[in-house]
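Close look at the chain arrangement
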Amino acid sequence: MSTEKIADTPPKGGLGCVGKGCATLAGLLAFLTFALLAGTFWGLHYLRSYSATAPVQLPVLASSTPAPATSKSTDEVAAAPQAPTRPAMPEVNTWEAFRRAARKGEAVRIQLTAYDINRLIAADPAARGKVFVATDHDVGRVQMSFPLEGVPFVHDRFLNGELSLQSSPDGDPAKVRVSRILLNGQSVPEAFLDRSFFGYPSLRTVVEKWIRKEHLASFRIENDRVIGESSGAP
């Protein structure tokens, strides 16, 4: 699957994210890919089959990378009228602001483009060059390349993969639909997300725990934007 370049919008007023906030910011998109590491320990034979001897070179955005001039600005999108079925709520511009508000029990909304997410990933040394996110209308696409450091017998190999996902029609974060998972170019069934290996929780369980921790009530991918809403409950 080829990487698609999506025209994205530069962040409004900077996205200042530090520490663990950057790793968390990618939300379900990047977290799903990172969580794949936890589910690959069911057998070294399969792990070697699904891993590679070299990493994949993923794009990395620099802080000076300009966004295409054809993109709509964040202000234009924020000013667009809300759908009648979706009550208006305060909107924040950074993931850290979203997390703080959500943990206080405030109902807030955030919109992020793939450009926004990739800049925050690039700002986190633990994720920089290892995850890259793109959006294609209502589909999120994530590429990853993680070293298997510390894993016996395969510590010099890399877990390279791609996945495509879509949000649930009702916006329920726990119902995110994964339409394609590839590891080292090999297709992995979606049922893999529900399997538990050698005491490790299933990927679905890990993601659901993260959703509760972040008080995420709604997650959508619409018109090349990732839209999250907090539950409004501490």
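Throughout what follows, the structure given in this document is the object of discussion.

This part covers the pairing of strand β2 (residues 109-112). By the alternation rule, side chains of β2 split into R109 and Q111 and I110 and L112, which are all buried. Relative to β2, strand β1 (residues 91-92) runs parallel, the two sharing 2 bridges. Among the inter-strand pairings, E91 is bridged to a residue of β2, identified as R109. In the sheet, β2 pairs with strand β9 (residues 225-230) via 4 bridges, with the strands oriented antiparallel. Across the sheet, the residue bridging to L112 is V226, located in β9.

What follows covers the environment of I121. On the secondary structure map, I121 appears in helix α6 (residues 114-123). Overall, the relative accessible area of 3% leaves I121 in the buried class. C-alpha of I121 to C-alpha of L61: the two residues are 60 residues apart in sequence and 8.6 Å apart in space.

This part takes up the pairing of strand β5 (residues 158-166). Counting buried positions along β5 gives 8 out of 9 residues, so the element sits mostly inside the fold. Across 8 bridges, the pairing between strand β4 (residues 139-147) and β5 is antiparallel. Bridging across to β5, R141 finds its partner in S164. Pairing geometry for β5 and strand β6 (residues 177-183), over 6 bridges, is antiparallel. Bridge pairing links L163 to I181 in β6.

Now for the side chain of T135. Structurally, T135 is set in strand β3 (residues 131-136). Residue T135 is classed as buried on the basis of its relative accessible area, which comes to 1%. Polar side-chain contacts of T135 include one of 3.5 Å to the backbone oxygen of D224.

Attention now moves to the sheet that holds β9. One open sheet holds the 4 strands; their spatial order is β1-β2-β9-β8, and the pairing between them is mixed. Of all strands in the sheet, those with a lone pairing partner are β1 and β8 (216-222), marking the two edges. In this fold helix α5 (residues 95-103) packs onto β1, β2, β8 and β9, with an angle of close to 20 degrees to the strand it touches most, β9.

Attention now goes to the nonpolar core. Of all hydrophobic cores here, the largest spans 39 residues; its most connected members are F98, V133 and F219. Not counting the four nearest positions on each side in its chain, F98 is found in contact with V92, V108, R109, I110, L216, G228, E229 and S230.

Rules used throughout
- Residues numbered from 1 in each chain as written.
- Predicted model: local features only at pLDDT ≥ 70, side-chain atom pairs only at ≥ 80, totals over all residues.
- Heavy atoms only, no water.
- Buried < 20%, exposed > 50% of the residue type's maximum accessible area, 1.4 Å probe, protein only.
- Helix = DSSP H or I, 4+ residues; strand = E, 2+ residues; numbered from the N terminus.
- Pairing = 2+ DSSP bridges.
- Polar contact = N/O pair within 3.5 Å; in protein donor to acceptor, adjacent residues only side chain to side chain.
- Contact = heavy atoms within 4.5 Å.
- Axes fitted to C-alpha atoms, helices over the stretch in contact; angles between N-to-C directions.
- Core = buried A, V, L, I, M, F, W, Y, C linked by side-chain atoms within 4.5 Å.

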